[in-house]
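# Descriptive analysis of the structure
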Amino acid sequence: METRKYITKSKVEVFFEKQFNNPVISKTDEKIKVIAVDNYIHLGQFIALRFLEWVSLNPGGVVALPTGKTPEFFIKWMQYYLENWDTEINTGLLQQIGFDKELKPDFGSLHFVMIDEFFPLDPLHERSFNYFVKRFYIDGFGFDQSKAMFIDTYNIPEAVQRDFDGNKNVVEIFPEGKIDLNLRIKHPGSTKETLQKNIIKYYDQFCENYEEKIRNLGGIGFFLGGIGPDGHIAFDVKGSSHHSHTRLTNINYETQAAAAVDLGGIESVRKKAVITIGLNTITHNPDVVAIVIAAGEAKSQVIASAIESEPSLEYPGSALQKLPNTRFYLTNGAAIKLQERKRLRILGMQKADIKTIDRLIIDGALEVGVTLLEMTSKSFKTANRYLQLAQQVSGESLATLAQSTYNRIAEKIQKGLNPPVQSSILHTAPHHDDIELAYFPLLHHLVRSEQNESHFVYCTSGFTSVTNEYINGNLIILRNLIRNGRIDKYLDHKKLFAKDGFWDDITGTLNAIARKDKTEHEIYISCRLARHLVHLLKVKTMQELLPTLDETINYLTTVDPGKKEIDIVQQIKGWTREFEAELVWAHFGIGLDHVSHLGLQFYTGDIFVEYPDPERDVKPILDLLEKVRPNIVSLALDPEGSGPDTHFKTLIAISNALEKYTEKHPDVEIKVWGYRNIWSKFHIADVNMIVPVSLNSFAVLNNMFNNCFVSQKSASFPSYEFEGTFSDLAQRIWVEQHQQLIALFGNDFFYDSQNPLLKRTYGSLYIKEMTYKEFCDEIEFIKGMIDTKKGLKSLN
């Protein structure tokens, strides 16, 4: 069938381009048109309005929409506009933009194309893309299910089941769960492998038929998708052919790591393959409106590569450059590495600030490969785009700029060499290992000083980062201890709920670590779970725990990884994370009275995490501020849309609590330490404290992490940037940051220094210290987001 013609002109794009002051940029600089907005809530609104516009103009069209966390606010704005259509089309933004009142979108007329799915995965699994599509798009928007194309990678149609020995689903054919696509070309070595090879061939034909159906519809008319950490579009990962069609294939590590949290850990994801539409499936119809969406700085480099580079297999998004209606809808953070856009933004400043100048000088020096002091020499003549722009906007010589930047960085290092004393510090964390992975070497100095008092608060239970397999192992150990009567040796019933009883678990574990007794280490972890279970279930004897243990162990053994757990499993995982954090600070002799677990209730296992409630989630933090009366508060300060969503939601809750606290105590001077760990990184120009890290600190970090955070040792929910434990990744980041400093300052600054702390430096960590007013300025964008969100009844 010939490709269908679509109406692609957009009043919505014109409106948002103007609303958010998007510059005119040539096709040479940005090979795909970009429209950027200020935050991801406005981004969702922009996408929803563009989609509604397209649907109104193109009844009967073919659409493909994304799954996962990316389209959260697209979906919520769609819900809002569908529920409030009459008001919005008559007096609201739809009317203001110029929507035609006579062209109401008819979702029942559209053909829906599912983009991808894991293979195999039960479509009833709540993290399957089938489940997502049916819940949010078919039921949520009103698509006609009979006109939707689904990718069912689980159920074998009844008509062909006899061809597969009567098996009803793919999991029965792959009982170990491991999908070996090499069976396509291998000679099967058993009856089981013959069956597996045949089901792979069956799905290869399914993919061919799926592709043909899309083309018979005239190709996709509206494609909306995110972009992965490796730059993937759909599941077309880095290296995919730009001529690729729908296929059964494997995915790379980066994509597996990004999906791990949704499917119960990377161990589960690694066993699976995927079915995905191809890049050529998307681009087949030259009239397709293909929109890629992204928020936050985390993916800014892969975005820039897709937009600015020549078409390349390294950058899947670059396959869309040939389409006249391809767009990247981004937040400003996601667009931050687009070079011409950055240049125009800086030139548009009335006066470039010091941070902008420092960033240009640092990036320029690193690109050229010279130290800052070498740039002060009269003989230095090489000025790249960064250095030229710095001179242009400052009006100063390169030598002057380089010397000033050098001096400011040196001051930051000096500040890091002199940590605060006589301070009350409230260290806050979204999850139980965030503080340790951000600035553990600095904590050595802070907690060892008797003049400082440190309190540690963990805002969420962190249960989503613990695997079912790990918890099941601990429960089995506990059950065996109870059955054989050995539990009494380790658990004093007289102190079951006493504070010193909880401390016994800690000292017992640390003694086991000291003796390198893995068995006893596991026993004390189980003892801590026993205390909580006895209290939760209100039983009088350990034997009374056995029915619940049997039931929970059976549940964990049979439940599909990634499904939202029952309440008791979430609680057990949360207790595990709490105990791990308590072990860390017990290393330094810090007691339980200085460690708080808030378990804020906005944190759930749902795909879309709700926003903190101003009362329910803010009050516990405010109460703690009143109790501790800190003069320093540390917090995770990831860029908007980067890092785990929990980090950003926790930042909102803490900022609200600080606002209430300072209103009540206007004379209190609080410093705020913003930190980042493995999920995002500061630029040197953005921080004002650089803490040197020694080889000994690396050793202590790794020893602590592997002994205390046992649930995290297997790296089941890893970063896409690194295949290994989080402590190893933190070390790598600190080393990379130090190597940048060496490139800027030279080896001699550190290793010929008279200061032994500098001489032993092999890593560097960054802290952004702010006054409370500076912190308020830093997060001003949050208030704008919350104000926008308040207008949506459908948002929680």
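Now for a quick tour of the structure. (Residues numbered from 1 in each chain as written. Predicted model: local features only at pLDDT ≥ 70, side-chain atom pairs only at ≥ 80, totals over all residues. Heavy atoms only, no water.)

## Quick look at the pairing of strand β15 (residues 671-675)
The side chains of a regular strand alternate, residue by residue, between the two faces of the sheet. Of all five residues making up β15, four are buried, and the element is well covered by its neighbours. With five bridges connecting them, strand β14 (residues 632-636) and β15 associate as parallel partners. Residue pairing in the sheet places Ile632 in a bridge with Lys671 of β15. As judged from the four bridges shared by β15 and strand β17 (residues 761-771), these two strands associate in the antiparallel manner. Bridge pairing links Gly674 to Lys768 in β17. (Buried < 20%, exposed > 50% of the residue type's maximum accessible area, 1.4 Å probe, protein only. Helix = DSSP H or I, 4+ residues; strand = E, 2+ residues; numbered from the N terminus. Pairing = 2+ DSSP bridges.)

## Some details on the pattern of salt bridges
With the rule as written, the count across this model stands at 43 salt bridges. Residues Arg629 and Glu626 are paired through a salt bridge, measuring 3.3 Å at the closest nitrogen-oxygen approach. Residue Lys649 is joined to Asp645 by a salt bridge in which the shortest nitrogen-to-oxygen separation is 2.7 Å. Of this pair, Lys649 and Asp645 both sit in helix α25 (residues 645-664), four residues apart, which is roughly one turn of the helix. The structure contains a network of salt bridges with shared partners spanning Glu13, Arg50, Glu53 and Arg327. (Salt bridge = Lys/Arg side-chain N within 4 Å of Asp/Glu carboxyl O.)

## Points about the environment of Thr467
Within the element layout of this structure, Thr467 appears in the loop between β12 (453-458) and α18 (468-483). When neighbours within four sequence positions are excluded, Thr467 is seen to be in contact with Gly264, Lys573, Ser716 and Phe717. At 3.1 Å, the side chain of Thr467 and the backbone nitrogen of Tyr470 are in polar contact. (Contact = heavy atoms within 4.5 Å. Polar contact = N/O pair within 3.5 Å; in protein donor to acceptor, adjacent residues only side chain to side chain.)

## Re the side chain of Lys31
Topologically, Lys31 is positioned in the loop between α1 (11-19) and β1 (33-37). A distance of 2.9 Å separates a polar atom in the side chain of Lys31 from the backbone oxygen of Glu308. The residues touching Lys31, leaving out its near neighbours within four places in the chain, are Ile307, Glu308, Ser309, Glu310 and Gln321.

## Brief notes about the packing of aromatic side chains
As enumerated under the stated definition, the model contains 53 aromatic pairs in all. Where Trp54 meets Phe222, the ring centres are 5.4 Å apart and the plane angle is 50 degrees; that geometry is what we call tilted. Taken as a pair, Trp54 in helix α2 (residues 40-57) and Phe222 in strand β6 (residues 222-225) lie far apart in primary sequence, 168 residues in all. Owing to a relative accessible area of 0%, Trp54 belongs among the buried residues under this scheme. Ring centres of Phe129 and Phe235 lie 6.1 Å apart, and the angle between their planes is 35 degrees; on these two criteria the pair is classed as tilted. A residue pair is termed long-range when its members are at least 10 positions apart, and Phe129 in helix α6 (residues 129-141) and Phe235 in the loop between β6 and β7 (247-249) qualify at 106 residues. (Phe/Tyr/Trp six-rings, centres within 6.5 Å; stacked < 30°, edge-to-face > 60°.)

## Observations concerning the sheet that holds strand β4 (residues 116-119)
Read from one edge of the open sheet, three strands run β4-β8-β7, paired in antiparallel fashion. The sheet terminates laterally at β4 and β7, the two strands that pair on one side only. Between one strand axis and the next, the sheet turns through 25 degrees on average, direction left out of account. Of the pairings in the sheet, the one linking β4 to strand β8 (residues 273-276) comprises four bridges and is antiparallel in character. Bridge pairing links Asp116 to Thr276 in β8. Strand contacts of helix α8 (residues 191-216): β4, β7 and β8, with the helix running at about 135 degrees to β7, the strand carrying the most contacts. (Axes fitted to C-alpha atoms, helices over the stretch in contact; angles between N-to-C directions.)

## Examining helix α26 (residues 695-708)
With 14 residues, α26 should reach 20 Å at 1.5 Å per residue; the first-to-last C-alpha distance of 20 Å fits that figure. When α26 is considered as a whole, its buried residues turn out to be Ser697, Phe698, Leu701, Asn702, Met704, Phe705 and Cys708. Seen along its axis, α26 keeps its buried residues to an arc of 165 degrees; they face one direction. Exposed positions of α26 whose direction lies more than 90 degrees from the buried face are Leu695 and Asn696. (Expected span 1.5 Å × (residues − 1). Arc of directions from axis to C-beta.)

## Remarks on the packing of helix α13 (residues 339-347) against helix α15 (residues 385-394)
Two quantities define a packed helix pair, namely the angle between the helix axes and the distance between the axes. Where α13 contacts α15, the axes come no closer than 10 Å and their chain directions differ by 15 degrees. With respect to each other, α13 and α15 are oriented roughly parallel. For the pair α13 and α15, the crossing hand works out as right-handed. For the pair α13 and α15, contact is made by Gln339, Lys342, Arg343, Ile346 and Leu347 and by Arg385, Tyr386, Leu389, Gln392 and Val393, respectively. Of the residues belonging to the contact of α13 with α15, the class tally is five nonpolar, two polar and three charged. (Parallel < 35°, antiparallel > 145°, perpendicular 65-115°, else oblique. Left-handed = near helix turned anticlockwise from the far one by under 90°. Nonpolar A, V, L, I, M, F, W, Y, C, P; charged D, E, K, R; others polar.)

## Here's the deal with unusual backbone geometry
Looking along the chain, the bond that leaves Phe119 and enters Pro120 is cis, with omega of -10 degrees. Note that Pro120 resides in the loop between β4 and α6. For Lys538, which is not glycine, the phi torsion reads 55 degrees and is therefore positive. With respect to the element layout, Lys538 can be found in the loop between α21 (518-537) and α22 (546-558). Exposure remark for Lys538: the relative accessible area of 71% places this residue in the exposed category. Even without being glycine, Ala715 reaches a positive phi, approximately 50 degrees. Relative to the elements of secondary structure, Ala715 occurs in the loop between α26 and α27 (726-745). Residue classification places Ala715 among the buried residues on the basis of a relative accessible area of 13%.

## What about the environment of Ile156?
Within the fold, Ile156 resides in the loop between β5 (148-149) and α7 (170-173). Residue Ile156 is classed as buried on the basis of its relative accessible area of 3%. Each C-alpha atom, one on Ile156 and one on Lys168, is 5.3 Å from the other, the two residues being 12 residues apart in sequence. Apart from the residues lying within four places of it in its own chain, the contact partners of Ile156 are Gln161, Phe164, Asn167, Lys168, Asn169, Val170, Ile173 and Ile199.

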